[in-house]
Number of protein chains: 2
Amino acid sequence: MSTAVSAKHSDAASLVSNTIGEITRHIRAHELGPGDRLPSEAALSRQLSVSRTVVREAFSSLAAMRLIDLRAGRRATVAELDYGAMSLVIEHGVHTEQITVQQIYDVRRTIETRTAMLAALRRTADEVERIRTHALAMRENFQRPEQVMEHDLAFHLELAKAAKNPVFSLIVGAFERVSRQTWPIGWRSRPSDAEQLEMIQIHIDLAEAIETGDPQSARDLMARHFDESVKALLAAGIA
Amino acid sequence: MSTAVSAKHSDAASLVSNTIGEITRHIRAHELGPGDRLPSEAALSRQLSVSRTVVREAFSSLAAMRLIDLRAGRRATVAELDYGAMSLVIEHGVHTEQITVQQIYDVRRTIETRTAMLAALRRTADEVERIRTHALAMRENFQRPEQVMEHDLAFHLELAKAAKNPVFSLIVGAFERVSRQTWPIGWRSRPSDAEQLEMIQIHIDLAEAIETGDPQSARDLMARHFDESVKALLAAGIA
DNA sequence: AGGGCAAACCTGTATGGCAGGTTTTTCCAG
DNA sequence: CTGGAAAAACCTGCCATACAGGTTTGCCCT
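Residues numbered from 1 in each chain as written. Chains lettered and ligands numbered in written order. Predicted model: local features only at pLDDT ≥ 70, side-chain atom pairs only at ≥ 80, totals over all residues. Heavy atoms only, no water.

Novice: Give a description of the relation of the copies chain B and chain A that names residues and reports values.
Specialist: Between the two copies of the chain lies a rotation about an axis combined with a shift along it. Overlaying chain B on chain A yields an RMSD of 0.0 Å, the required transformation being a rotation through 180° with an accompanying axial translation of 0.0 Å. Such a combination of rotation and displacement between the chain copies is what one expects of a two-fold axis. Closest approach to the rotation axis within chain B is made by the C-alpha atom of Ser61(B), at a distance of 2.1 Å. Looking at the interface residues of chain B, 100% of them are also at the interface in chain A, so both copies use one shared face. (Least-squares fit on C-alpha atoms with pLDDT ≥ 70 in both. Contact = heavy atoms within 4.5 Å.)

Novice: Please provide a residue-by-residue account of the protein's contact with DNA strand C, values included.
Specialist: Surrounding DNA strand C, one finds 22 residues, the nearest of these being Arg56(A), Arg74(A), Ser51(B), Thr53(B) and Val54(B). Taking the atoms of DNA strand C that fall within 4 Å of the protein, sugar and phosphate contribute 69% of them. At 3.1 Å, a backbone N or O of Gly73(A) approaches a sugar or linking oxygen of DNA strand C. No other element matches helix α3 (residues 52-64) of chain B, which puts 3 residues into the surface near DNA strand C. Residues belonging to the surface near DNA strand C are distributed by class as follows: 7 nonpolar, 6 polar and 9 charged. (Near = heavy atom within 4 Å. Polar contact = N/O pair within 3.5 Å; in protein donor to acceptor, adjacent residues only side chain to side chain. Helix = DSSP H or I, 4+ residues; strand = E, 2+ residues; numbered from the N terminus. Nonpolar A, V, L, I, M, F, W, Y, C, P; charged D, E, K, R; others polar.)

Novice: Pulling in residues and values, what's your account of the protein's contact with DNA strand D?
Specialist: Lining the immediate surroundings of DNA strand D are 21 residues, of which Leu15(A), Ser51(A), Val54(A), Arg56(B) and Arg74(B) lie closest. Backbone atoms, meaning sugar and phosphate, make up 76% of the atoms of DNA strand D lying within 4 Å of the protein. Backbone polar atom of Leu15(A) to a phosphate oxygen of DNA strand D: 2.9 Å apart, as the coordinates give it. Here Arg74(A) contributes a side-chain N or O atom positioned 2.9 Å from a phosphate oxygen of DNA strand D.

Novice: Outline the packing of helix α1 (residues 15-29) of chain B against α3(B), listing residues and values.
Specialist: Residue and element names in this part refer to chain B. Running from N to C, α1 and α3 cross one another at 65°; their axes reach a closest spacing of 9 Å. Judged by the sense of rotation from one axis to the other, the crossing of α1 with α3 is right-handed. Residues Leu15, Val16, Thr19, Ile20, Ile23 and Thr24 of α1 touch α3, and the partners they reach there are Val54, Val55, Glu57, Ala58, Phe59, Ser61 and Leu62. Here the contact of α1 with α3 is built from residues that sort into 9 nonpolar, 3 polar and 1 charged. (Axes fitted to C-alpha atoms, helices over the stretch in contact; angles between N-to-C directions. Left-handed = near helix turned anticlockwise from the far one by under 90°.)

Novice: Requested: an account of the interface of chain B and chain A, with residues and values cited.
Specialist: Accessible area lost upon the coming together of the parts serves often as the stated size of an interface. Contacts between chain B and chain A engage 59 residues on the former and 59 residues on the latter. Here chain B and chain A share an interface that buries about 5700 Å² over both sides, 63% of which is from carbon and sulfur atoms. Along the contact surface separating chain B from chain A lie 6 salt bridges. Linking Arg114(B) and Asp106(A) is a salt bridge whose minimum nitrogen-to-oxygen distance equals 2.8 Å. Here chain B is connected to chain A by 16 residue pairs in polar contact (both at pLDDT 80 or more). Among the elements that line the side of chain B that touches chain A, the one with the most residues is helix α4 (residues 84-95) of chain B, at 10 residues. (Buried area = accessible area lost by both parts, 1.4 Å probe. Salt bridge = Lys/Arg side-chain N within 4 Å of Asp/Glu carboxyl O.)

Novice: So what's going on with helix α2 (residues 41-48) of chain B? Residues and values would help.
Specialist: Residue and element names in this part refer to chain B. For α2, the complete set of buried residues consists of Glu41, Leu44 and Ser45. Looking straight down α2, one finds its buried side chains confined to an arc of 105°; they lie on one side. Turned more than 90 degrees away from the buried face of α2 sit Arg46 and Gln47, all of them exposed. Looking at the buried positions of α2, the neighbouring elements they touch are α1 and α3. Just past α2, the residue serine 49 takes up positive phi, approximately 55°. (Buried < 20%, exposed > 50% of the residue type's maximum accessible area, 1.4 Å probe, protein only. Arc of directions from axis to C-beta.)

Novice: Can you tell me about the domain arrangement of chain A, naming the residues and giving the values?
Specialist: According to the domain assignment, chain A contains domain 1 (15-78) and domain 2 (84-235). Summarising the inter-unit geometry, the C-alpha centres of domain 1 of chain A and domain 2 of chain A are found 36 Å apart. (Domains from an automatic or database assignment.)

Novice: Which residues make up the packing of aromatic side chains, and what values do they have?
Specialist: All names here are of chain A. All chains considered together, the criterion is met by 4 aromatic pairs over all chains. Centre to centre, the rings of tryptophan 183 and tryptophan 187 are 5.1 Å apart; their planes meet at 15°, and the pair counts as stacked. Linking tryptophan 183 with tryptophan 187, this pair stays in helix α9 (residues 176-188), spanning 4 residues, or about one helical turn. Overall, the relative accessible area of 11% leaves tryptophan 183 in the buried class. Here tryptophan 187 falls in the buried class, since its relative accessible area comes to 7%. (Phe/Tyr/Trp six-rings, centres within 6.5 Å; stacked < 30°, edge-to-face > 60°.)

Written out as structure tokens, the structure is:
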């Protein structure tokens, strides 16, 4: 696998690309925030002297990146931060074999040891509650892997949120789609109840470390979680 | 600023979304890799029983996320990993005030202390050469900020590449667009030649640590680099 | 003033068309 | 039979128009 990652120099002066640029410029110039409405397709079409088709494709592209929200009949609105697009990019990279699962685990370990620390320092009572709830739900439902996975994913996202840095949330979320597909592999590679419960216990311990506000402990637990996950994956033959 | 980051549950069964799903499924099912060609718009239009308009918007959206490449007259092809879309998402987050510059620096510090370590362990001779070249070019051109910035950005990207994990490249690249806009602020907040050269010197030292294969030293230098950058930004009043 | 209804507006999707760029086929010359 | 050029077929970028719904606005009646 190559590690080449590039960005096309987008001087591709197609009408659609230019229109996308104009729209983002409009957002910036008018200092629009999430929820604010953009001009209608017809209005932009006139204003920029392009057909409605072009404006539509520009809107469609921006919606694909989740920069704006589109709904029938309604005007387009500026969107809230959303990791949907990034998640698709990562998924695409894995499916086209440009990214391996192990590489993702390395990045997640790097990111999430940090979010664990920050969460321990910055979490609110509500967040602790939600984090703990997910950890406990993993144990309660531990015979229904589907449930365990959902709470596992939610646990990590909630923890990132408690770190109070939306960029971490974005990145953790970016791995969601891929995680849904690789999670069962990791689960099956822990064949005994004991091993599965052990993995779940780490989450419970993590919740506790975050509650008591112990960043070192939280970081170490998260690091251990990922180290053991990678070990399990390797044992299952995922190279 | 709120730290809410979500992902719309895309059961939005619009024709375009479904078509996007069908196309990505096609890529997966046929195990297409970068450069492989997709069916024509007309073919997909017939195959999925939707108008060419819908297929076009689906293609357009996928191209916006850089999952496929589009060029006039040519068939759409599967794209290589590209951080263009992610860079736009981050830029959007900053412009709509959902992300602060400081938050980005925290993430970059987390990520890049890791890439520095890995680069020291895994770099090839070629990569060392390119990294050093950029660092030296920063010093040579240090009276032309534009040049310094370009080599600075290239330095960090090249370093991520040397870490041999494309996901790190993706993330470092994701900050490129925003960095281009905030970099001058950081530069101006180091008013004296001495301070500017000191910042550049860290890059040169980093290149050396990576050449000699000293991961600890590389990590520490990178950490120091970000700590001082944040300090400079704060001094300039960027909260 | 308030509530409901109709008109105006807006987006989603479809069809047909044309200008150029690209690929494939064909066919001629050597 | 081969090399290569011309032509045909195909493809995408962009446009105009049309119509079915969903949404917003504003008016009118109570």
